[in-house]
Amino acid sequence: MVCGGMEPDHHHINGDLAHGFENMVCVRCRDGFSMQDQMVNSSGEVWHSDCFVCAQCFEPFPDGIYFEYEGRKYCEHDFHVLFSPCCGKCNEFIVGRVIKAMNASWHPACFCCELCNKQLADVGFLRNAGRALCRECNEREKAAGHGRYVCHKCHAMIDDGQHIKFRGDSFHPYHFKCKRCNVELTTASREVNGELYCLRCHDTMGIPICGACHRPIEERVIAALGKHWHVEHFVCSVCEKPFLGHRHYERKGLAYCEQHFHKLYGNLCFRCGDPCCGEVFQALQKTWCVKCFACSFCDKKLDQKTKFYEFDMKPTCKRCYDRFPTELKKRISESLKDRDVENQRRSMSPAPK
Amino acid sequence: MPKDKKKEEVTEVEHVDRNITLFSQVSHMIEAETITRLTLSHNKLTALPANIADLISLTSLNLWNNQIEELPSSISSLPKLKILNIGMNKLTILPRGFGSFPVLEILDLTYNNLSERSLPGNFFFMKTLRALYLGDNDFEMLPGDVENLENLQVLVLRENDLLTLPRELGKLTRLRELHIQGNRLAMIPPELGNLELIGSKLVLRLEHNPFIPRLQEQFDANGAAGVWSHIRTDDYRYFFGRQEPSSTPVPPKRNKEKKVSRKGIQQA
C-alpha cells in the first residue's frame, strides 16, 4: 500500500540525448518535449519537470521524495494526510510499523499500558474494562476489582455501592435520566415496570414501601399492622423468622409467630406449659392441649364428652372424685351449696354500689 | 425384634389402683432412662426409694392417694420433672433441699399434714413453679419467702388454719388463681390488692373466713370482687395499718380428726 519514498532520476536533456527523446511524451500532459524542456525520468517514464508534481497539491516533491499509491504520486505530506493512519495517542501520522489494537492505530512507542506506561507492542496486551493493560497490571486490576460491578454501558468498573440495577444489569447511574422528570439519576433511583425513576418521582407514584427495609416492594406485598412488607421481611418480632404466608398473631403493633405469641400472651397449656397448637380445651379458667387434658389425680385422658368434676380448679374424673374421702366430699358439696346460694342471692338483689 | 421396639416406645407407665405397697413392684417394668411419665395413683406406697432419682427423663410423677409419710431428698434432683403430685398422702414433713427441683412447674401437696414447720429452707426457691397446691393442710401462716416464687400463677391454700397472709404475696404479679377459702383469716393485707384476680380466666376464692365486719359486708354484698376493691381503698389501708394483731380473738382450728391423712400418724 505504502510505496515508500524513492529517489527519482533527474535528467537534464542535453544535445546528445535530445535526438533519442523526440518521440517521447510526458506521462501526465501527453505533450512531447522541446529542447528547452526539463525532463524527469522515473522508472522508465518521463515527465516535464513542471508536470512531475504531487497529485494532490500540484507542487514539486520536496527533496524529490514522493509516495506512489494506486498509480498516483503524492508528496509526503499529502500522502500522509490521505492515506496514513493516525496514532490513537499522539494524533501524529504513523510511518513505518503500525500497531492496530483497541479499534485504533498506534505508534509502537505510543501503545502503552494505561496504568504502568510499559510499551505493549511486543509483549502483548489484555483488555480490561475498555483499557489496554499489560499482563501484570491486568492481574492486579482483576484482583482489586473482584466483586465490583462493571457498568454494562461503559464497561468501566463501578465504585463500591455506586451502581444501579436496571433490567438485571449493573450501570453507572449517570448513564440514565429519570423517566418522569428527566433528572440525571443517582444511586437513589428505582426501577418500576422496566423504567427508571428518581426517588422523588418514585415516591409520588404510590408504590408500596416495605415497613422493615424501607425499599419499594415490586413482588408480593404483605399488608399487615397497617404497613406493607416484603414477604421475606415480615417476621416474628421475637425470633425474626419470616412467616412466609403462615399464620401470624398481632398484638400491640407487633407480629408474632404462633409459638412466641402464645409464650407472651397466653394460650399456653396449663399442664405442659407449651403453646397449644390446633384444638384446645378451655375449662376451669385454663387452657389445655387436647392431649394434655386429663384427670389431675390419675392422669386419665378426658375429652369433651367425659364428665368431670372440679376440685381446686383441677379436672377430676368421676372415679377419682368418688374415691375422695367422705369427709372431703362432704366439705366440697357444702361449699358448692354455699356458692350456689350466694350466687343466687347476689343475682336476685340489685347490685349495691 | 418387634417386642424390643415396643419396649423402647413405652415411656409412659400407669399402675393405678393396683394395691402396690412397694416401689420395687413396679421398678422392674420401668426403663429408668427413658420413662417420661409415671402414674401410681390410688395405691398403698408408704415410701419412695432414693433411686427414684435415676428416672432422668421423667417429666410427670403422680402419686395421688398413697400413704407416703416421707420422701427421699434425692427426689428433688429429677432433672426434667415438671409435674409432681403427692396429694392425698401422709406427709408431715418435706426432705431437706426439697426446693431444688430444676424445672418443676406444678407441685400438688393437697391433703397432707404439712405446715410452715414442714418446709425446708429452700422451699420457696423453685423459680419455675407455676402452680402450688397446698389445700387441706395445716398451715397457720405462710412465710414471706413466698415472694420468690416469681412465676407462680396458681396458689391454693384452701382449708388450712391460716390466721394471716404475708404482704409479700402482693409481689406475685403473675398470680391468676388464689384460693384462700376455709381459713381463719380476719383480714387481708392491702398489698394483695396489687394482684389482678377479678375477671375472666381469674379465680379468687375467699369464702369461709372469719373476716372483720367491713370485709364480710363487702363479701356478702359483692363477693370476692367487693372484698378486693375494698382492700385497695386508702381507708382500708389506713385501717389495716392501725390494727393490733392481738386485738381480735383467735378463732379455733377446724376439726380435722376425720382427715384420712391423719390415720396412723402420731399427732404432735
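The rules behind each value
Residues numbered from 1 in each chain as written. Chains lettered and ligands numbered in written order. Predicted model: local features only at pLDDT ≥ 70, side-chain atom pairs only at ≥ 80, totals over all residues. Heavy atoms only, no water. Helix = DSSP H or I, 4+ residues; strand = E, 2+ residues; numbered from the N terminus. Buried < 20%, exposed > 50% of the residue type's maximum accessible area, 1.4 Å probe, protein only. Contact = heavy atoms within 4.5 Å. Areas by Shrake-Rupley, 256 points an atom, 1.4 Å probe, with all protein chains shown as cover. Phe/Tyr/Trp six-rings, centres within 6.5 Å; stacked < 30°, edge-to-face > 60°. Lys NZ or Arg CZ within 6 Å of the ring centre and 35° of its normal. Buried area = accessible area lost by both parts, 1.4 Å probe. Salt bridge = Lys/Arg side-chain N within 4 Å of Asp/Glu carboxyl O. Polar contact = N/O pair within 3.5 Å; in protein donor to acceptor, adjacent residues only side chain to side chain. Disulfide = S-S within 2.5 Å.

1. Describing the overall build of chain B
Across its full length, chain B holds 4 helices and 9 strands. Along chain B, helices and strands appear, N-terminal first, in the series α-β-α-β-β-β-β-β-β-β-β-α-α. Burial statistics for chain B: of 268 residues in total, 54% are counted as buried. Excluding contacts between residues fewer than 6 apart, the proportion of contacts in chain B whose partners are at least 24 apart in sequence is 47%. Element-wise, carbon and sulfur atoms account for 51% of the exposed surface of chain B, whose accessible area totals about 12100 Å².

2. Let's talk about the overall build of chain A
Broken down by element type, chain A carries 7 helices and 23 strands. Scored against the burial criterion, the 353 residues of chain A give a buried share of 37%. Summarising the internal contacts of chain A: among those between residues at least 6 apart in sequence, 18% fall at separations of at least 24. Here chain A has roughly 21800 Å² of accessible surface; of this, 50% comes from carbon and sulfur atoms.

3. Things to note about the packing of aromatic side chains
What the rule picks out here adds up to 32 aromatic pairs over all chains. Between Arg-214 of chain B and the ring centre of Phe-239 of chain B, over which it is positioned, the NZ or CZ distance is 3.9 Å.

4. Quick notes on the interface of chain B and chain A
Every contact between the two is made by 46 residues of chain B and, on the other side, 35 residues of chain A. Taking both partners together, chain B and chain A bury about 3300 Å²; carbon and sulfur atoms supply 44% of that area. Looking at the side of chain B facing chain A, the largest losses of area belong to His-42, Lys-201 and Arg-205 of chain B, adding up to 16% of the total buried there. Summed over the shared surface of chain B and chain A, the result is 9 salt bridges. Of the charged contacts in the structure, one is a salt bridge between Asp-312 of chain A and Arg-158 of chain B, with a shortest N-O distance of 2.5 Å.

5. Here's the deal with the side chain of Ser-57 of chain B
Residue and element names in this part refer to chain B. On the secondary structure map, Ser-57 appears in the loop between β2 (37-39) and β3 (60-62). Residue classification places Ser-57 among the buried residues on the basis of a relative accessible area of 17%. Of note is the side chain of Ser-57, whose polar atom sits 2.4 Å from the backbone oxygen of Glu-33. Setting aside chain neighbours within four positions, we find Ser-57 in contact with Glu-33, Thr-34, Ile-35, Thr-36 and Lys-80.

6. Some thoughts on the state of the cysteines
Residue and element names in this part refer to chain A. Applying the stated rule across the entire model yields 0 disulfides over all chains. You can see Cys-54 has no disulfide; the closest cysteine sulfur is in Cys-57, sitting 3.7 Å from it. Among the residues examined, Cys-54 registers a relative accessible area of 0% and is labelled buried. Left without a disulfide partner, Cys-137 is nearest to the cysteine sulfur of Cys-134, which lies 3.6 Å away.

7. Side note on the side chain of Glu-191 of chain B
Its location among the elements puts Glu-191 of chain B in the loop between β8 (177-179) and β9 (203-205). Within the structure, the side chain of Glu-191 of chain B is placed 2.8 Å from the side chain of Arg-167 of chain B, a separation counted as a polar contact.

8. Observations regarding the pattern of salt bridges
This structure, assessed with the given rule, holds 32 salt bridges over all chains. Between Glu-327 of chain A and Arg-331 of chain A there is a salt bridge, with the nearest N and O atoms lying 3.0 Å from each other. You can see Glu-327 of chain A and its partner Arg-331 of chain A sitting in helix α7 (residues 326-348), 4 residues apart, about one turn around the helix. One exposure class covers both Glu-327 of chain A and Arg-331 of chain A, and it is buried. As a salt-bridge pair, Glu-196 of chain B and Arg-232 of chain B come within 3.7 Å of each other at their nearest N and O atoms. Here Glu-196 of chain B is found in the loop between β8 and β9, whereas its partner Arg-232 of chain B is found in the loop between α3 (213-231) and α4 (234-241), with 36 residues between them in sequence. Judged by its relative accessible area of 49%, Glu-196 of chain B is partly exposed. Sharing partners across several salt bridges, the network here consists of Asp-312, Glu-327 and Arg-331 of chain A together with Asp-136, Arg-158 and Glu-159 of chain B.

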